[in-house]
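This is what each chain is made of:
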Amino acid sequence: MKNQVYSILVGGKAGEGVKKAAQVIGSILSSHGKHVVQMDDYQSLIKGGHNFSVVSASVEDVFTVYGTFDLIICFDKRSIDEHAASLKPGGSLFYNSDDGDFADGIPLPLSSLMKRHYTDPRNVSIAATAVICSVMGLSPDLMSSVIKKQYKLNFAENIVYAQSVYELVQIRSAFLLNSVSNEDYKYHSGNQLIVLGAWYAGLDFYYGYPMTPASSILHYIALKKESLKMYAIHAESELAAINMAIGSAIAGCRAAVGSSGGGFALMQEAFSLAGMAEVPLLCVLSSRPGPSTGVSTYTAQEDLLFALHQGHGEFSRVVASPDSFERAFTLAAELLSLAWQVQIPVILLTEKHMSEGMANLKLNYSKLPDTEVTPADLEAKYERYQVTESGVSPLAFPGDAPSAVIKWSSQEHQASGLRTDAAADIVLMKDKRQRKTKLLIEAIRAFQRVAEYGEGENLVFAYGSTVLELREAQKHCEIPFKIIAPIYLEPFPEAELLPYQGKIAVVVEHSCSGAFAEFLSWKLQLKSMHNILKYDGRQFDPIVLAQKLTEVFNA
Amino acid sequence: MLDLETKHQNTWCLGCGNFGILNAFKNCMARLVEEETSLDEIIMSCGIGCHGKIFDYLALSGIYALHGRSLATAQGIKLANPDLKLICFGGDGDSLGEGLEHTLFAAKRNMDITLIMHNNGIYGLTTGQFSPLSKIGYKGLSTPQGNIERPFEPIPLLLEAGATFAARGYSAKTEHLSDLIHAAVRHKGFSFIEIMQPCVSYNNTYQLFNQRVKLLDTIPINRMHTLELARNKDEIYIGIFQQEEQTVYHESFYSDTNPYKQRLSSSQRKEMMNEKE
């Protein structure tokens, strides 16, 4: 059925395995031919409180999760209180009847079953796997093989417990029944896709400090140490992390750092160092509501101007934001490759929604850039900052260049890398660095700089994960509109956006100041018909967004 | 004859303790080269301060890093290519003020790096403010009524943090200092050298040090004894206080890998991607 999206919510306390339960559901749906997307809503605590995860599935592409559900699985009473009202008419709500009653739901005595079947009961979350397998009409054998793979601890007890829950579920979903098996699609988070893209483009080292929602980059790379020969170091601070990354880069290894707003604030000085010393560096800035510590586990787009203006002093940088999960993969590769081509720091700007959201996709390698860098001509006397027409000086690393004296510097310097404060030297070097912008703009032409979705006279501008919300909203809006999503924000894709100069458009962003709208007004003289601003830390329900857009277009 | 000259104009004050450090270092380099170490393997990393100018006076590869961050940058270089010998220069402000966390963590990790700390007891280049090692009562521009903070004790601090080589030298005893630097560079693990360095402009301690500096002629019998000797202010002992072998960070982290020399090429990554599918 066209546009049919089946949404599942799993709710419970932190520490109960809610997110994992949803991931398993997502994986199962993915391997049965569905397009899947997942979003986790969790609080900044370790146990207790309330966490919930949503999985939305469709036979077509589905870009973001919805806010009303066909299936709700509640591990505790609070989940019922929070989400029962969001159940769709005809939907099913399963709840843990050992934690209270709910007349409109289907009771499952999850806690007692857990206590019965486990010698060391932990949590009821495997029940979610049992429910989905039953609702999908999957065999108990298939359920066993999924559990064996996904819940390795206490495997035997897991199966018996799951079976006991499975048998109690009578509901079947017409939409999910007879799903076709398909292992082509892999389920990944935005952060994981960024890592894979960067790795493809040559990433060797990642230096990080835990900060939500960037921490999972550090974790994932650490996990992949042996299989991908990529090294993650959890440093003593963000200050350490970025300076260490710069060190590894000047020794010839490709390096990256990642954080959220606060961590990035700490990294500013070294970001500026990368600009002065011309060090290739990939930085992943994943936003959450600010300012300051803000709301650590929610989403926002408050760091646009911050990213554009990172680092004191004047130097080129790239700032780009992925508008889809596929783009997170390719953009990370593009950005790392640009960093090494032009010897500048680059920022992949995203937000919690994309970083920690998950989607299934088939990774497309054909679009990935070629990433080798031409080595220096080492016959001549090597000078790190040799003045060239393009502004880019040949690179050399210790060990490659016998007798070469390779000096990098945070201070203004001569071509040799030695410090200078002479007027002529300053102008020479600043001009050299400035010249690189031309090469940079040329290099970016090889990549897609703007994404457009849909057709219509009504124009809607957005960037990053807001585009996911808009693409889904497009399915529900009677009035056609065109989404224009700049991927590259700096250098600004003037040529591609020229047709929209001076036009009237709606701008949608997760900001309270409307910074993106102002940015577009500055760069493109875009007149904002209306700014749709959401800044409560949550993503848009596409249906609600579609309604808002309809109101705006009708006005 | 080893030539490490850069022809860059030297801007240290006449009589600066840094000249002694520079000479000692050059002599050490000559000795390393005689021992068949290639200069290409030696990387220097400096912070910002009078000490940092040494970057412009030595024809060695390296980085003029951010104030306080030279040790962090050096660790990143070392981790990428552990065959390199990293020599970090820092001032007392750079290494124990702005960069304190990096200094302590490099020691904690037993990173195979040498830190040469130019201890002149003040901030020289920014015109004479107090530093983490200034004595109580020091009157500088930011403490005109006199410094009220107790100074750190660098060698005990670094030993507590995990340094496996700790030594003290004096910029005016260049031969002795050269030997110390040599031993530090040859030591596998984190080597810390505190160099007592008079500042002719803001903290001229030549007379004081000439009276009090004494060669450490006993090998300390235990940690307590070591700390006692290191803390002594009446007799400022110079020599090696501690030297022991312990596992170095990079070997624990990735054994005998050299990430730079063994980094996966573009085509290898392409192949691995295809295999994953």
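See the structure above.
This report concerns the structure included in the present document. Keep in mind that this is a model prediction, so the values were computed, not measured.

1. Observations regarding the overall build of chain B
Okay, step 1: A count of helices and strands for chain B gives ten helices and ten strands.
Okay, step 2: Computed over C-alpha atoms, the radius of gyration of chain B comes to 20 Å, within 12% of the 19 Å expected from 2.2 N^0.38 for 277 residues, which places it in the range of a compact globule.
Okay, step 3: Reported as C-alpha extents along the three principal axes, the dimensions of chain B are approximately 70 × 45 × 40 Å.
Okay, step 4: By residue count, 57% of the 277 residues in chain B fall in the buried class.
Okay, step 5: For chain B, contacts bridging at least 24 residues in sequence account for 69% of all contacts bridging at least 6.
Okay, step 6: Of the roughly 11,800 Å² of accessible surface on chain B, a fraction of 50% belongs to carbon and sulfur atoms.
Okay, step 7: Averaging the positions of the 26 positive and the 31 negative side-chain charges in chain B gives two centres separated by 5 Å.

2. Quick word on the packing of aromatic side chains
Okay, step 1: For the coordinates displayed, the defined rule picks out 23 aromatic pairs over all chains.
Okay, step 2: Cluster of aromatic residues (ring-pair linked, three or more members): A:F205, A:Y207, A:Y231, B:Y249, B:F253 and B:Y254.
Okay, step 3: The side chain of A:K34 reaches across the aromatic face of A:F175, ending 5.3 Å from its centre.
Okay, step 4: In this structure, A:R471 is placed above the aromatic ring of A:Y453, and the distance from its NZ or CZ to the ring centre is 3.8 Å.

3. Here's the deal with the sheet that holds strand 11 (residues 281-287) of chain A
Residue and element names in this part refer to chain A.
Okay, step 1: If you trace the seven strands from one edge of the open sheet to the other, you get 9-8-10-11-13-12-19, paired in mixed fashion. The open sheet has two edge strands, strand 9 (231-234) and strand 19 (488-490), and neither has a second partner. Sheet twist, expressed as the average angle between the axes of neighbouring strands with direction ignored, equals 25°.
Okay, step 2: As paired elements, strand 12 (residues 318-320) and strand 19 share two bridges and run antiparallel to each other. By the bridge assignment, A320 is partnered in strand 19 with Y488.

4. Comments concerning the packing of helix 10 (residues 238-250) of chain A against helix 12 (residues 268-277) of chain A
Residue and element names in this part refer to chain A.
Okay, step 1: Contact pair helix 10 / helix 12: the axes reach a minimum separation of 8 Å and the direction vectors enclose 20°. Between helix 10 and helix 12, the interaxial angle falls into the category roughly parallel. Crossing of helix 10 over helix 12 shows right-handed handedness. When helix 10 is examined against helix 12, the residues I242, N243 and I246 are found in contact with a partner set consisting of A270, F271, L273 and A274.

5. Examining helix 16 (residues 423-444) of chain A
Residues and elements named next belong to chain A.
Okay, step 1: Taking 1.5 Å per residue, 22 residues should reach 32 Å; helix 16 reaches 33 Å between its end C-alpha atoms and fits that length.
Okay, step 2: Every buried residue of helix 16 is listed here: D425, M429, K432, R433, K436, L440, A443 and I444.
Okay, step 3: Next to the buried residues of helix 16 lie helix 12, strand 12, helix 14 (325-342) and strand 19.

6. Concerning the environment of B:D40
Okay, step 1: Inspection of the secondary structure puts B:D40 in the loop between helix 1 (17-34) and strand 1 (42-46).
Okay, step 2: B:D40 gets classed as partly exposed once you look at its relative accessible area, which sits at 21%.
Okay, step 3: Considering only alpha carbons, one finds B:D40 and B:S61, 21 residues apart in sequence, at a separation of 7.4 Å.
Okay, step 4: Among residues more than four places away in sequence, those in contact with B:D40 are A:P398, A:G399, A:A401, A:P402, A:S403, A:A404 and B:L84.

7. A closer look at the environment of B:E34
Residue and element names in this part refer to chain B.
Okay, step 1: Position of E34 relative to the elements: it lies in helix 1.
Okay, step 2: Accessibility expressed as a relative area gives 68% for E34, which makes it exposed.
Okay, step 3: Once the C-alpha coordinates of E34 and S191 are considered, the two residues, 157 residues apart in sequence, prove to be 22 Å apart.

8. Quick look at the environment of B:K7
Okay, step 1: By secondary structure assignment, the location of B:K7 is in the segment before helix 1.
Okay, step 2: For the pair B:K7 and B:M111, spaced 104 residues apart in sequence, the C-alpha to C-alpha distance is 33 Å.

9. Brief notes about the nonpolar core
Okay, step 1: In terms of nonpolar packing, the biggest core is built from 192 residues, with A:L335, A:F461, A:Y488, A:L549 and B:F190 touching the most fellow members.
Okay, step 2: The residues contacting A:L549, other than those within four sequence positions of it, are A:V460, A:L470, A:A473, A:C477, A:F481, A:V506 and A:I532.
Okay, step 3: By size, the runner-up hydrophobic cluster in this structure holds 47 residues, among which are A:A130, A:M136, A:Y161 and A:F175.

10. Points about the interface of chain A and chain B
Okay, step 1: With 57 residues of chain A at the contact, the number on the chain B side is 47 residues.
Okay, step 2: Linking chain A with chain B are three salt bridges.
Okay, step 3: Ionic pairing is found between A:D204 and B:R263, a salt bridge with its closest N-O pair at 2.6 Å.
Okay, step 4: Inspection of the chain A/chain B interface yields 26 residue pairs in polar contact (both at pLDDT 80 or more).
Okay, step 5: Elements with a minimum of two residues in the side of chain A that touches chain B: helix 7 (190-200), strand 8 (203-208), helix 9 (225-228), strand 9, helix 10, helix 12 and strand 15 (407-409) of chain A.
Okay, step 6: Examining the composition of the side of chain A that touches chain B, we find that eight residues originate from one element, helix 10 of chain A, more than from any other.
Okay, step 7: Partitioning the side of chain A that touches chain B into residue classes produces 31 nonpolar, 15 polar and eleven charged.
Okay, step 8: With three bridges connecting them, strand 15 of chain A and strand 2 (residues 61-64) of chain B associate as parallel partners. Looking at strand 2 of chain B, one finds that A:S409 is bridged to B:Y64.

11. Section: the sheet that holds strand 7 (residues 186-189) of chain A
All names here are of chain A.
Okay, step 1: Spatially, eight strands are ordered 6-5-4-1-3-2-14-7 in an open sheet, and the strand pairing comes out mixed. On the outer flanks of this sheet lie strand 6 (106-108) and strand 7, each paired with one strand and no other. Ignoring strand direction, the axes of neighbouring strands in this sheet form an average angle of 20°.
Okay, step 2: Pairing of strand 1 (residues 5-14) with strand 3 (residues 48-58), which is carried by nine bridges, proceeds in the antiparallel orientation. Paired with Y6 across the bridge in strand 3 is A57.
Okay, step 3: Sheet contacts for helix 4 (residues 126-135): strand 1, strand 4 (69-74), strand 5 (87-96) and strand 6; angle to strand 4, the most-contacted strand, approximately 145°.

12. A look at the pattern of salt bridges
Okay, step 1: All told, the structure shown has 31 salt bridges over all chains when counted by the stated rule.
Okay, step 2: A salt bridge links A:D204 to B:R269, with the shortest nitrogen-to-oxygen separation between them at 2.8 Å. Residue A:D204 is found in strand 8, and its partner B:R269 is found in helix 10 (residues 266-276); the two belong to separate chains.
Okay, step 3: Residue class for B:R269 comes out buried when judged on its relative accessible area of 1%.
Okay, step 4: A salt bridge links A:E472 to A:K475; the shortest N-O distance between them is 3.0 Å.
Okay, step 5: Among the residues examined, A:E472 registers a relative accessible area of 0% and is labelled buried.
Okay, step 6: Counted as one network, the salt bridges with shared partners bring together B:R31, B:E35, B:D179 and B:R186.

13. Description of the pairing of strand 7 (residues 165-170) of chain B
Residue and element names in this part refer to chain B.
Okay, step 1: Most of strand 7 sits out of view: six of its six residues are buried.
Okay, step 2: A two-sided burial pattern is seen for strand 7, the buried positions comprising F165, A167 and G169 on one face and A166, R168 and Y170 on the other.
Okay, step 3: In the sheet, strand 7 pairs with strand 8 (residues 191-196) via six bridges, with the strands oriented parallel. For R168, the partnering residue across the bridge sits in strand 8 and is E194.
Okay, step 4: Relative to strand 10 (residues 236-243), strand 7 runs antiparallel, the two being bridged by four bridges. Looking at strand 10, one finds that F165 is bridged to Q243.

The rules behind these values
- Residues numbered from 1 in each chain as written.
- Chains lettered and ligands numbered in written order.
- Predicted model: local features only at pLDDT ≥ 70, side-chain atom pairs only at ≥ 80, totals over all residues.
- Heavy atoms only, no water.
- Helix = DSSP H or I, 4+ residues; strand = E, 2+ residues; numbered from the N terminus.
- Rg over C-alpha atoms; globule rule 2.2 N^0.38 Å.
- Buried < 20%, exposed > 50% of the residue type's maximum accessible area, 1.4 Å probe, protein only.
- Contact = heavy atoms within 4.5 Å.
- Areas by Shrake-Rupley, 256 points an atom, 1.4 Å probe, with all protein chains shown as cover.
- Lys, Arg positive; Asp, Glu negative; His and termini not counted.
- Charge placed at Lys NZ, Arg CZ, Asp CG, Glu CD.
- Phe/Tyr/Trp six-rings, centres within 6.5 Å; stacked < 30°, edge-to-face > 60°.
- Lys NZ or Arg CZ within 6 Å of the ring centre and 35° of its normal.
- Pairing = 2+ DSSP bridges.
- Axes fitted to C-alpha atoms, helices over the stretch in contact; angles between N-to-C directions.
- Parallel < 35°, antiparallel > 145°, perpendicular 65-115°, else oblique.
- Left-handed = near helix turned anticlockwise from the far one by under 90°.
- Expected span 1.5 Å × (residues − 1).
- Core = buried A, V, L, I, M, F, W, Y, C linked by side-chain atoms within 4.5 Å.
- Salt bridge = Lys/Arg side-chain N within 4 Å of Asp/Glu carboxyl O.
- Polar contact = N/O pair within 3.5 Å; in protein donor to acceptor, adjacent residues only side chain to side chain.
- Nonpolar A, V, L, I, M, F, W, Y, C, P; charged D, E, K, R; others polar.

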